[in-house]
2 protein chains.
Amino acid sequence: MAPPHDEVADSRDRAWGLRVGTEADGTEARQPVMADVARLAGVSHQTVSRVLNGAPHVRPGTRARVLAAIRELDYRPNSAARALVTRRSQTLGVVSFDSTLYGPASTLDGIERAARTAGYFVSVAGLRSLDSRSVQEAVDRLRDQGVEGVAVIAPQISAVGALAKLSSAVPVVAVGAGSRSRLPMVSFDNRAGAEVATRHLLDLGHRTVHHLAGPVGWTEGRDRQDGWRQALEAGGARVSRIGGGDWSARSGYEAGRRIAHDPEVTAVFCANDHMALGLLRALREAGRAVPGEISVVGFDDIPEAAYFTPPLTTVRQDFGELGRRALELLLEEIEGVDRPRHPVRISPETVLRRSTGPARRT
Amino acid sequence: MAPPHDEVADSRDRAWGLRVGTEADGTEARQPVMADVARLAGVSHQTVSRVLNGAPHVRPGTRARVLAAIRELDYRPNSAARALVTRRSQTLGVVSFDSTLYGPASTLDGIERAARTAGYFVSVAGLRSLDSRSVQEAVDRLRDQGVEGVAVIAPQISAVGALAKLSSAVPVVAVGAGSRSRLPMVSFDNRAGAEVATRHLLDLGHRTVHHLAGPVGWTEGRDRQDGWRQALEAGGARVSRIGGGDWSARSGYEAGRRIAHDPEVTAVFCANDHMALGLLRALREAGRAVPGEISVVGFDDIPEAAYFTPPLTTVRQDFGELGRRALELLLEEIEGVDRPRHPVRISPETVLRRSTGPARRT
DNA sequence: CGGGCGTATGTTAGCGCTAACATGCGCCGC
DNA sequence: GCGGCGCATGTTAGCGCTAACATACGCCCG
């Protein structure tokens, strides 16, 4: 790390040399600081600070000289110094469980975009596992880094408890964390989405709709299941799950093999699109026609869903919007806006494609 | 939220009150600082610092007292202050183009995991668009935040030029940026992967292999196309593209419709799995059997590929590994390790599934 | 024509930490 | 028995910035 001295440089020094540079006259070129800019512009460092922060009462001519000096030196304010004195890091944290999945990844993306617009940086912390200690650990990491707020994309029920404890340290919002949380929260109305999807199948004449549920412990999975059950009960249909998966296509495939030859099953509501994909595959291998013999609907509307075989009827969620709303809420939280704390719910919209059709009259 | 203090508080104070807390005796509880810990432990703040940083020459008893005080106060070091004096932020930046896509998202995930293990935070910056100004801007943002190094997941050719200019400011590694860059870089051997995939089709007896290319300007697309062409030329086959897509299933679908009725086409190598999915769909709608009439291979091996109809033969890339290697390289860069700079290449592996089969003897 | 006020700037004092040096103390060797 | 050395700790001086106060200079008004 040593800034290069004049003597022979070891490889360490050389690496630095590349970045810090050495002037032709042999003087060492440090990263310029505010005082350097001030000297060049013939003003005090405070005036430079004023220019940088858009403070009033700076004569236009002075401002121009300062800006010129900044450009000439390619000066950039030291964010650590600024954060130290202002106590604001301009950084937000996002903790996410598996940012490899489409939903979390898109949400993160939405948050990042919105944060940038609002002038914040975003720092991410992945979760090692789903337990609450892990959430605690991730939030702590972020906190140690000095983030001003944290958005937790952690749709596990177990995470919700962990979050409650954290709220006193730094503002936290839960993203897509289901309904039982007291925390500021934004999520999709999974229950409503599931209800609509299920009713759609019922309306097509299916006697009942089976449900391929998400993993136990995920709030989204639970809410979708609740919505499904509710639609069934409202329609007077028999309630029958066909087990739960882990969101993956593989688990959908396995479930599909289990039910492929069950004549009772004429319509399946899957808790997400990936599982629906696996299910479709299993059904095809078993020679069951979709939607001829069995109708299938998914949840999420991933970009690929329209290209499945057959194209998947599903429930669309706008993850980008979710991220944006989460950020908005977090910012309010940080700025201490005190407003009625009912959770933000975003309504999903169902997308009809070719994987659903009328029940066959037997 | 906000536990109010006794006096009338505006919403701002209340919000703060929540986080900072108020003691029973009415004194306001600031976030504890090192001096508070020192006082409680009966030592100087420097000794606290020594304990925190694992410096030698601290008596075990003293260390224990300090640790106890830290725990009691729930003290956490101020990272801005530390960064200011050490000039190390312990933060790395990642710029990514579309972290919604499977590849970039997984790479980011791999980088984050590895960074955490190495004791670094990671800050992300999304790109607004693909031009080099945008890359510049993203890296600058990160730099302003004080990151110690940046990994750029930007597989656009245009980005490579922008990167070269940046290298003098802060260590940068290019992730998956193709072969023409002089920067430290890690990527898959796209060319080799494409060659193997193409040869596989040729070996099945196809007279030639058509290529559904990636978008112009993406190094990965170009390298895959190069590999495909090379395999064709080596095999004495005619070289014929069927146009380029934008990585999306939609674009694959459109390409598929264009070629579905072309009897010349018996094998297609798609530049990624999503386009392959769209292509499969178009083929199915046109009534062309896969692999009976046309064989299809993809690239990436996204988790869903095995559940396509039919399951897709493709080229697997381990994005997690890619991220890990990128981080490793970046760390070396930061620490000034001077070592031969040949780019790190990771060999992909082809995965045979059911979308490819022997050419029909005509 | 002088007191006061508003504008434009400079000066000073930290933010919370680490690095460098200073101090004090016990223990060893001769 | 005392100089010296190494361990354990304390003291001091910044890191680069902003906030708060201090100063200087017009200009208006009575």
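You'll find the structure just up there.
Described below are features of the structure shown in this document. (Residues numbered from 1 in each chain as written. Chains lettered and ligands numbered in written order. Predicted model: local features only at pLDDT ≥ 70, side-chain atom pairs only at ≥ 80, totals over all residues. Heavy atoms only, no water.)

Overview of the nonpolar core
The biggest cluster of nonpolar side chains holds 90 residues, and the ones touching the most others in it are A:Val150, A:Val296, B:Val150, B:Val268 and B:Val296. Residues contacting B:Val268, with those up to four places away along its chain left out, are B:Leu201, B:Val209, B:His210, B:Leu212, B:Ile242, B:Ile259, B:Leu279, B:Ile294, B:Ser295, B:Val296 and B:Val297. Counting residues in each nonpolar core, the second largest holds 50 residues, with A:Leu92, A:Phe319, A:Leu331 and A:Ile334 among its members. (Core = buried A, V, L, I, M, F, W, Y, C linked by side-chain atoms within 4.5 Å. Buried < 20%, exposed > 50% of the residue type's maximum accessible area, 1.4 Å probe, protein only. Contact = heavy atoms within 4.5 Å.)

A few points about the protein's contact with DNA strand D
Taken together, 27 residues lie around DNA strand D, and A:Met34, A:Gln46, A:Ser49, A:Tyr75 and B:Thr62 are the ones closest in. Restricting the count to atoms of DNA strand D within 4 Å of the protein gives a sugar and phosphate share of 62%. Within the contact set of DNA strand D, a phosphate oxygen lies 3.2 Å away from a backbone nitrogen or oxygen of A:Asn78. Within the side chain of B:Arg50, one N or O atom sits 2.8 Å away from a base nitrogen of DNA strand D. A per-element tally of the surface near DNA strand D places helix H5 (residues 79-86) of chain A first, with five residues. Looking at the surface near DNA strand D residue by residue, the class counts come to eleven nonpolar, twelve polar and four charged. (Near = heavy atom within 4 Å. Polar contact = N/O pair within 3.5 Å; in protein donor to acceptor, adjacent residues only side chain to side chain. Helix = DSSP H or I, 4+ residues; strand = E, 2+ residues; numbered from the N terminus. Nonpolar A, V, L, I, M, F, W, Y, C, P; charged D, E, K, R; others polar.)

Focus: the environment of B:Gly176
Residues and elements named next belong to chain B. Following the sequence through the fold, Gly176 ends up in the loop between strand E4 (172-175) and strand E5 (185-188). A relative accessible area of 6% means that Gly176 is categorised as buried. Residues in contact with Gly176, not counting those within four places in the same chain, are Pro155, Val186, Ser187, Thr219 and Glu220.

Considerations on the interface of chain B and chain A
Chain B puts 70 residues into the contact, and the matching count from chain A is 69 residues. Counting across the chain B and chain A interface gives eight salt bridges. Here A:Arg76 and B:Asp144 are joined by a salt bridge, their closest N and O atoms 2.7 Å apart. Across the contact surface, chain B and chain A share 26 residue pairs in polar contact (both at pLDDT 80 or more). Elements represented by at least two residues in the side of chain B that touches chain A include exactly helix H1 (11-20), helix H5 (79-86), helix H6 (102-117), strand E2 (121-126), helix H7 (132-144), helix H11 (249-259), helix H12 (273-285) and helix H13 (319-334) of chain B. With seven residues, the top contributor of residues to the side of chain B that touches chain A is H6(B). Partitioning the side of chain B that touches chain A into residue classes produces 29 nonpolar, 18 polar and 23 charged. (Salt bridge = Lys/Arg side-chain N within 4 Å of Asp/Glu carboxyl O.)

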